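What follows is each chain in one-letter form.
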Amino acid sequence: MPSTIHYVSVFDKEDTLIPQSNFIDPDYVHSKCPVHNHKQSRTFVATSPIDFNLSINRTPDQNYIFCSNPEFLEYDDEHINSPKPVIQLVFPKFLFYTKDDNVWFEFNDHPMTALKNNFIAIGGWFNLSNWSRASSTAITLVNEKKSVIIKKGDPLFRVSFYPPNLDDSIILKKETNTEVINQWVEAHEKKTEEDWRHRLFSKTKTESKCPFSFLFK
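Residues numbered from 1 in each chain as written. Predicted model: local features only at pLDDT ≥ 70, side-chain atom pairs only at ≥ 80, totals over all residues. Heavy atoms only, no water.

## A look at the packing of aromatic side chains
Right, on to step 1. Applying the stated rule across the entire model yields 15 aromatic pairs.
Right, on to step 2. With 5.9 Å between their ring centres and 50° between their planes, Phe11 and Phe91 make a pair best called tilted. Of this pair, Phe11 sits in the loop between strand S1 (3-9) and strand S2 (17-19) while Phe91 sits in the loop between strand S7 (86-89) and strand S8 (94-98), placing them 80 residues apart in sequence.
Right, on to step 3. In this structure Phe91 comes out as buried when scored by relative accessible area, which is 0%.
Right, on to step 4. Note on Trp125 and Tyr162: the rings are 6.3 Å apart at their centroids and 85° apart in plane angle, and the pair reads as edge-to-face. Within this pair, whereas Trp125 is found in strand S11 (residues 124-127), its partner Tyr162 is found in strand S14 (residues 155-162), the two being separated by 37 residues in sequence.
Right, on to step 5. An aromatic cluster is defined as three or more aromatic residues linked by ring pairs; in this entry it consists of Tyr7, Phe44, Phe94, Phe96, Phe105, Phe126 and Phe161. (Phe/Tyr/Trp six-rings, centres within 6.5 Å; stacked < 30°, edge-to-face > 60°. Helix = DSSP H or I, 4+ residues; strand = E, 2+ residues; numbered from the N terminus. Buried < 20%, exposed > 50% of the residue type's maximum accessible area, 1.4 Å probe, protein only.)

Next comes the structure, spelled out in structure tokens:
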């Protein structure tokens, strides 16, 4: 049985997630491999909705950040002073939820960004059925002496979904109902770390099938 994942575009309502299979040239021999295709059909790519440039100059006394769109960044000194600078982009941003039990969500980098854009997205995963949340695009620079340069349409990161039966397919649906979106976003923004930390890796409790039920406990 397919697992359905709903998502909302937060940064720009026109942002969408694209099946990774759309980026693979069918002339490649591996495009006919069932093992390869099984994985690709459950993986989706987020692309940049804007052109964007970022440079970081770290000195013993102060950190200097030069950015074409500084309002689209989130950072602190602790992350900037990591072995290599780490910074968070607020674009594109998506909120996810599912009514199905024990569907895991994985956020992962895209292989082209290290080569083309001078960054690597920091990955992670958790039980999406337990915790509906927004994607968080934290990046670390590959070469801090060079700029991060992103062009509109460049792939930035990938998301994958894992139902209990890995042979089940994934249906990704973009939520467009404004009332549902507003209710979800408002409730999501009120949650604290105490509300979500214990849910990340535990099995889904099935007392309620409402996708928002835990938000109001």
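## A look at unusual backbone geometry
Right, on to step 1. Positioned with a positive phi, Asn102 is a non-glycine residue whose angle comes to about 55°.
Right, on to step 2. Note on placement: Asn102 falls in the loop between S8 and strand S9 (104-109).
Right, on to step 3. Positive phi is not limited to glycine here, since Asn118 has a value of about 70°.
Right, on to step 4. Considering the arrangement of structural elements, one finds Asn118 in the loop between helix H3 (111-116) and strand S10 (119-121).

## Looking at the environment of Gly153
Right, on to step 1. As for its placement among the helices and strands, Gly153 is situated in the loop between strand S13 (148-150) and S14.
Right, on to step 2. Remark: the alpha-carbon pair of Gly153 and Pro49, spanning 104 residues in sequence, is separated by 6.3 Å.
Right, on to step 3. The contact partners of Gly153, leaving out residues within four places of it in the chain, are Thr47 and Ser48. (Contact = heavy atoms within 4.5 Å.)

## Some details on the sheet that holds strand S5 (residues 63-67)
Right, on to step 1. Taken in spatial order, the three strands make up an open sheet running S5-S4-S13, and their pairing is antiparallel. Bordering the open sheet on either side are S5 and S13, each of which pairs with just one other strand. Across this sheet, the average inter-strand angle for adjacent strands is 10°, counted without regard to direction.
Right, on to step 2. The sheet contact formed by strand S4 (residues 52-58) and S13 spans three bridges and is antiparallel. Residue Leu54 lies in a different strand from S13, and its bridge partner there is Val148. (Pairing = 2+ DSSP bridges. Axes fitted to C-alpha atoms, helices over the stretch in contact; angles between N-to-C directions.)

## A few points about the pairing of S9
Right, on to step 1. One ladder, built from four bridges, connects S9 with S11; its direction is antiparallel. Among the inter-strand pairings, Trp104 is bridged to a residue of S11, identified as Asn127.
Right, on to step 2. One ladder, built from six bridges, connects S9 with S14; its direction is antiparallel. Its bridge partner lying in S14, Phe107 is registered against Val159.

## Some points on the pairing of S8
Right, on to step 1. Of all five residues in S8, five are buried, a share of seventy percent or more.
Right, on to step 2. Burial along S8 is two-sided: Phe94, Phe96 and Thr98 facing one way and Leu95 and Tyr97 facing the other are all buried.
Right, on to step 3. Here S1 pairs with S8 via five bridges, running antiparallel. Counterpart to Tyr7 in the pairing with S8 is Phe96.

## Quick look at the pattern of salt bridges
Right, on to step 1. Considering all chains together, one arrives at three salt bridges under this definition.
Right, on to step 2. When the shortest N-O distance is used, the salt bridge between Glu144 and Arg58 registers 2.8 Å. On the criterion of sequence distance, the pair formed by Glu144 in the loop between strand S12 (137-141) and S13 and Arg58 in strand S4 is long-range, its members being 86 residues apart. (Salt bridge = Lys/Arg side-chain N within 4 Å of Asp/Glu carboxyl O.)

## Quick look at the sheet that holds S9
Right, on to step 1. The strand order across the open sheet built from five strands is S2-S3-S14-S9-S11, with neighbouring strands paired in antiparallel fashion. With partners counted over all chains shown, the strands left at the sheet margins are S2 and S11, one partner each. With strand direction ignored, the average angle separating the axes of adjacent strands in the sheet is 25°.
Right, on to step 2. With five bridges joining them, strand S3 (residues 43-47) and S14 adopt antiparallel strand pairing. When the sheet's bridge partners are listed, Thr47 is paired in S14 with Pro155.

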